[in-house]
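Secondary and tertiary structure notes
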Amino acid sequence: MTEAILLVGGKGTRLRPLTVNTPKPMVPAAGVPFLTHQLARARAAGVEHIVLATSYLAEVFEPYFGDGSGLGLHIEYVTEEEPLGTGGAIRNVAARLRSGPDEPVLIFNGDILTGLDIRALVATHETTGADVSLHLTRVEDPRAYGLVPTEATGRVTAFLEKPQTPEEIVTDQINAGAYVFRRSVIDTIPAGRPVSVERETFPELLATGAHLQGMVDSTYWLDLGTPQAFVRGSADLVLGRAPSPAVPGRCGDRLVLPTARVAPDAKLTGGTVVGDGARIGEGARITGSTILSGAVVEPGAVITDSLIGTRAHIGERTILSGAVIGDGAVVGPDNELREGVRVWCDAKIPAGALRFSSDQ
């Protein structure tokens, strides 16, 4: 297998304000755009040619990755004028593929961080003679996901919507967002209109007797669709819990990029990342958080499980926990922002304006 499709066209609405100025796959995780980790893992598995299916803020991908040679890849870009869904996006880039009709094409969703054994998925596809093979993972609570039951051999028997009652939970296996398609199957997807591969393509293939094979791989898997998950995924990359050859440094408790400045007595733990040009002041304590390029954290601030956007400014003694601060936002001194808060890009919060506890 030498080629793949990466679906990177989504608007990332659940991640706003992180995705106001940056498409979701380009938001930095562990010091580099998240997409870099996916590309590097695909290359390590033997992929040489990748087509990026872009849509939202499509213009930012090619200036960063170019032709892919820096990663040992050949990358092409195809932009959807109107969103086409997962299946429509796959069909839209088909003309750029080079594989023969029976050869495998790997397909990734652009927001999944996974330790999937890519070579094993391709081997399963080839040894079973499947038309499509799917990476499945097991989750403790499958109610938020579509279920994918299989026979003992791994052959998929159904695609079930999110279960509404305990009786509907017939398996803990879910679609983990990576596939291998027989090249000729891609050409059967309708062209020029939105198509959901999960809700339309896969069920229709099953109904016509196609062979869909599931491979359960329950190594690391995380959907980075929410700010909390994205921050956790970045920290797990730094800590070495999630595998990637693209982390720009040794795995450990912290990752500080070369041009960042961190005060000697600042404490960075839990997989915290400090981006290029960022500045961390004296006595600041940052745990499990991502500080993007050019951001400033003033002395005495305490930041936990949060993401601070580019050029944002966090005032002295401010406490953030589970917060997302947009690009260029200013949070003044002595504020306290707790779980779930999102401060929009370029917003300004005065000193001591917001608290969840007494100011004493």
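Relevant structure appears above.
Basis of the calculations
Residues numbered from 1 in each chain as written. Predicted model: local features only at pLDDT ≥ 70, side-chain atom pairs only at ≥ 80, totals over all residues. Heavy atoms only, no water. Core = buried A, V, L, I, M, F, W, Y, C linked by side-chain atoms within 4.5 Å. Buried < 20%, exposed > 50% of the residue type's maximum accessible area, 1.4 Å probe, protein only. Contact = heavy atoms within 4.5 Å. Pairing = 2+ DSSP bridges. Helix = DSSP H or I, 4+ residues; strand = E, 2+ residues; numbered from the N terminus. Salt bridge = Lys/Arg side-chain N within 4 Å of Asp/Glu carboxyl O. Polar contact = N/O pair within 3.5 Å; in protein donor to acceptor, adjacent residues only side chain to side chain. Phe/Tyr/Trp six-rings, centres within 6.5 Å; stacked < 30°, edge-to-face > 60°. Axes fitted to C-alpha atoms, helices over the stretch in contact; angles between N-to-C directions.

This paragraph deals with the nonpolar core. Across soluble globular proteins, nonpolar side chains show a tendency to be buried alongside one another. Among the nonpolar cores identified, the biggest contains 29 residues, and Ile5, Ile107, Leu134, Phe181, Ile186, Phe202 and Leu212 are the most heavily contacted of them. The contacts of Leu134, once residues within four sequence positions are left out, are Leu121, Val156, Phe159, Asn175, Ala178, Tyr179, Phe202, Leu212, Gln213, Gly214 and Met215.

This part takes up the sheet that holds strand β23 (residues 319-321). Taken together, the 5 strands give an open sheet; going across it, the order is β14-β17-β20-β23-β26, and neighbouring strands pair in parallel fashion. What marks the edges here is a single partner per strand, and that holds for β14 (267-269) and β26 (336-337). Pairing of strand β20 (residues 302-304) with β23 involves 3 bridges; the strand directions are parallel. Bridge pairing in β23 links Val302 to Ile319.

What follows is about the pattern of salt bridges. Under the criterion given, the structure shown has 16 salt bridges. Note that Asp131 is salt-bridged to Arg182, the shortest N-O span being 3.2 Å. One end of the pair, Asp131, is in the loop between α4 (118-128) and β8 (132-138); the other, Arg182, is in strand β9 (residues 173-182), with 51 residues separating them in the sequence. For Asp131, a relative accessible area of 18% corresponds to the buried category. We classify Arg182 as buried; its relative accessible area is 17%.

Those residues of helix α3 (residues 85-92) lying buried are Gly87, Gly88, Ala89 and Ile90. The secondary structure elements touched by the buried residues of α3 are β1 (3-7), β4 (49-54), β6 (104-109), α5 (183-186) and α6 (197-207).

Topologically, Ser244 is positioned in the loop between α7 (227-239) and β12 (254-256). For Ser244, a relative accessible area of 17% corresponds to the buried category. A polar contact of 2.6 Å, which involves the side chain of Ser244, links it to the side chain of His37. Within the structure, the side chain of Ser244 is placed 3.0 Å from the backbone nitrogen of Ala246, a separation counted as a polar contact.

Within this structure, the stated rule accounts for 7 aromatic pairs. Taking the centre distance of 4.8 Å and the plane angle of 75 degrees together, the rings of Tyr64 and Phe65 count as edge-to-face. Residue classification places Tyr64 among the partly exposed positions, given a relative accessible area of 46%. According to the relative accessible area criterion, Phe65 is buried, its value standing at 10%.

Strands sit in the order β5-β4-β1-β6-β9-β8-β10 across an open sheet of 7 strands; the sheet is mixed. Each of the sheet's edge strands pairs with one partner strand only, and the pair in question is β5 (74-79) and β10 (212-216). Across this sheet, the average inter-strand angle for adjacent strands is 25 degrees, counted without regard to direction. Where β1 lies against β4, 5 bridges are found, and the strand directions are parallel. In the sheet register, Ala4 faces β4, and the bridge partner there is Ile50. Along the sheet, α3 makes contact with β1, β4, β5 and β6, crossing β1 at roughly 140 degrees. Across the sheet, α4 lies against β6, β8, β9 and β10, angled at about 65 degrees from β9, the strand it touches most.

As far as function goes, none of this settles anything; it's purely spatial.
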